[in-house]
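Chains, contacts and geometry: an overview
What follows is the residue order along each chain.
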Amino acid sequence: MLDSRTIEIVKSTVPLLESANTALTEHFYKRMFRDNPELKDVFNLSHQKTGRQPAALFAAVLAYAKNIDNPAVLSAAVERIAHKHTGFSIQPAQYDIVGHHLLETIKELAPDAATPEVIDAWAQAYGALAGIFIGREEQLYQQSEQKDGGWRGHRTFVVKEKRVESEQIVSFLLVPEDGGAVADYLPGQYLNLHLDSPELEHKEYRQYSLCQAANGREYRIAVKREPGGVASNFMHDKVQVGDQLQVLPPAGDFFMEVSTETPVVLISGGVGLTPMRAMLDQLLTLGHQADIHWLHACDNGAQHAFKNDIQQRRQAHVNLNTHIWYRTPAETDQPAEDYHAEGLMNLAKVKDAIALDGAHYYFCGPLPFMAMVKEQLSAWGIEDSRLHYEVFGPHQAL
Ligand SMILES: Cc1cc2nc3c(=O)[nH]c(=O)nc-3n(C[C@H](O)[C@H](O)[C@H](O)COP(=O)(O)OP(=O)(O)OC[C@H]3O[C@@H](n4cnc5c(N)ncnc54)[C@H](O)[C@@H]3O)c2cc1C
Ligand code: HEM
């Protein structure tokens, strides 16, 4: 429990934090990787280069300082970050490293403002937050371990099947090397792979959404080849059937839990369809009663992953409706059959179908795509509690 003086001092540093902005976290990561280079095998260094992780950490630090006297505001973010951390197998001792570099960063960037009182207040505030994360992460580790087929840390899986789903997306069916069961998950959750190979400069953790409903035996993920991407190109070009991969238990706070009477609208752009496919699979497997809408946007037929699979499901389930947009259809793409509209997704075209009382909306895709979806749904008066989205990278509010 932080005392009122500590809270007051931390809040008084908000203008300082705001003026430093992401320079704060960029400096923090630079000194941490200099002194603790082993963490280069833990963090995604592409997210450092693009600045997305320093931005995510800065947003979290600032939100904490602003709301330190009202922790309830932070609970959703704490839950999301804790899930993210468990995917990287973050351990309590690592909090000391991060705390040390955070305090040193404040001293180095603001030597005049960093009085012993300010540093002491931030040390206490950091310790309190670290304690919350450590406690929640331990709970999540235990939950993963105690499930049927569950485990903690790394487990060796073998690639049982590698299947081309579109020009840029390949799916991998993974089974545990030990031949045992695998833990269930909620549709929307993801796996973390820890890739290690002499061909990679560092070990790389990457998250991939599970793209089918849980079945206790195996996991399927689908990976899009990203231009210049370290892990996705490795997965496409090097990982073959029979190869072993190190896998962390399913994690993530983006998941679907709805009653069978709740209309569900699944909206995806590009490879953002992976968590949606797991949700659809689960809804259909459990005999969902209410309407389900599958909205998907991609470039054209060659980029349209799981096309036949979704079409077959639509034919078999009267409550499943599909709405497909192709940005630039190829001559061979058949309107009405392969896609329903040309250009970028525009929800106004399907408002009558999808603006349903009590419906829940799940969406995933590139950030500008999701921002457009959120803006349109919010403009129809749909409250935030019915809007759920996943960012395929360091979290960013839409
Ligand atoms: C919860 C979650 C679920 C996910 N689910 C999926 C999924 O189901 N399927 C899927 O394919 N992906 C998914 N992802 C994304 C996935 O984890 C990887 O981020 C993705 O595969 C790219 O990894 P990479 O190593 O190939 O690219 P990285 O090497 O990480 O690079 C990412 C992008 O940044 C660019 N970049 C790198 N360095 C620089 C630089 N210096 N300047 C500018 N740009 C740069 C690269 O060119 C590339 O386009 C998910 C992510 C999260 C967080
Ligand atoms: C109180 C301390 C901490 C805070 C506030 C914090 C905050 C964050 C935030 C905001 C994210 C992004 C979450 C998201 O994308 O949803 C994140 C991711 C991450 N954190 Fe932490 N974190 C803390 C401690 C730690 C520690 C101790 C480690 C271990 C070294 C760590 C390692 C990571 C890693 C590896 C990621 C993913 C990075 C990526 O995808 O590029 N964090 N953290």
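Refer to the preceding data block for the structure.
I will try to describe carefully the structure that is included in this document. Residue numbers restart at each chain and count upward from 1, following the sequence in its written direction. Each chain takes a letter, starting from A, and each ligand takes a number, starting from 1, following the order in which they are written. Only residues with pLDDT of at least 70 are given local features in this predicted model, and only at 80 or more are side-chain atom pairs given and counted; all residues enter the totals for whole chains, interfaces and linings. Calculation of side-chain values draws on the structure's entire complement of heavy atoms; hydrogens and water are dropped beforehand.

In this description, strands pair whenever DSSP reports at least two bridges between them. Each helix corresponds to a stretch of at least 4 residues labelled H or I by DSSP, and each strand to a stretch of at least 2 residues labelled E; elements are numbered beginning at the N terminus. What the 6 strands build is an open sheet, ordered β4-β3-β6-β1-β2-β5; its pairing is antiparallel. Edge positions in the sheet fall to β4 (204-209) and β5 (219-224), since each of these pairs with one other strand and no more. Direction aside, neighbouring strands of the sheet carry axes that sit 40° apart on average. Across 6 bridges, the pairing between strand β3 (residues 190-195) and β4 is antiparallel. When the bridges of β4 are listed, leucine 191 appears paired with tyrosine 208. Angles here are taken between N-to-C directions and fall from 0 to 180 degrees, while the axes themselves are lines fitted to C-alpha atoms, restricted in helices to the stretch in contact.

Let's shift gears to the pairing of strand β1 (residues 155-164). Sheet topology note: the β1/strand β6 (residues 244-251) ladder contains 4 bridges and is antiparallel. If you follow phenylalanine 157 over to β6, its bridge partner there is leucine 245. For β1 and strand β2 (residues 169-176), the ladder comprises 7 bridges, and the chain directions are antiparallel. Looking across to β2, one finds that lysine 162 is bridged to phenylalanine 172. In this antiparallel pair of consecutive strands, β1 and β2, the connection spans 4 residues.

Centres within 6.5 Å are what make two rings of Phe, Tyr or Trp a pair, Trp counting through its six-membered ring; a difference in plane orientation under 30 degrees is then read as stacked, over 60 as edge-to-face, and the rest as tilted. In total, this model carries 13 aromatic pairs according to the counting rule given. Consider the rings of phenylalanine 88 and tyrosine 205, whose centres lie 5.0 Å apart with planes at 50°: the pair is tilted. Of this pair, phenylalanine 88 sits in the loop between α6 (75-87) and α7 (92-109) while tyrosine 205 sits in strand β4, placing them 117 residues apart in sequence. Ring geometry for tryptophan 151 and tyrosine 219: centres 6.3 Å apart, planes at 40°, overall tilted. Placement of the pair is tryptophan 151 in the loop between α8 (116-146) and β1 and tyrosine 219 in strand β5, with a sequence separation of 68 residues.

Now for the environment of valine 391. On the secondary structure map, valine 391 appears in the segment after β12 (387-390). Separated by 134 residues in sequence, valine 391 and glutamate 257 have C-alpha atoms that sit 19 Å apart.

Inspection of the region around ligand 2 gives 24 residues, with His47, Arg80, Lys84, His85 and His395 positioned closest. The side chain of histidine 85 places a nitrogen or oxygen atom 2.8 Å from a nitrogen atom of ligand 2. Histidine 395 is positioned such that a nitrogen or oxygen atom in its backbone is 2.7 Å from an oxygen atom of ligand 2. Listing elements by their share of the shell around ligand 2, those giving two or more residues are α5 (52-66), α6, α7 and α8. Classification used: nonpolar for Ala, Val, Leu, Ile, Met, Phe, Trp, Tyr, Cys and Pro, charged for Asp, Glu, Lys and Arg, polar for all others including Gly. Among the residues forming the shell around ligand 2, the class breakdown is 15 nonpolar, 7 polar and 2 charged. Neighbouring residues are identified by heavy atoms, a residue being near a molecule or strand if any of them is within 4 Å of it. Pairs of N or O atoms are called polar contacts if they sit within 3.5 Å, as long as, within protein, a hydrogen donor faces a hydrogen acceptor (for residues adjacent in sequence, only side-chain-to-side-chain pairs).

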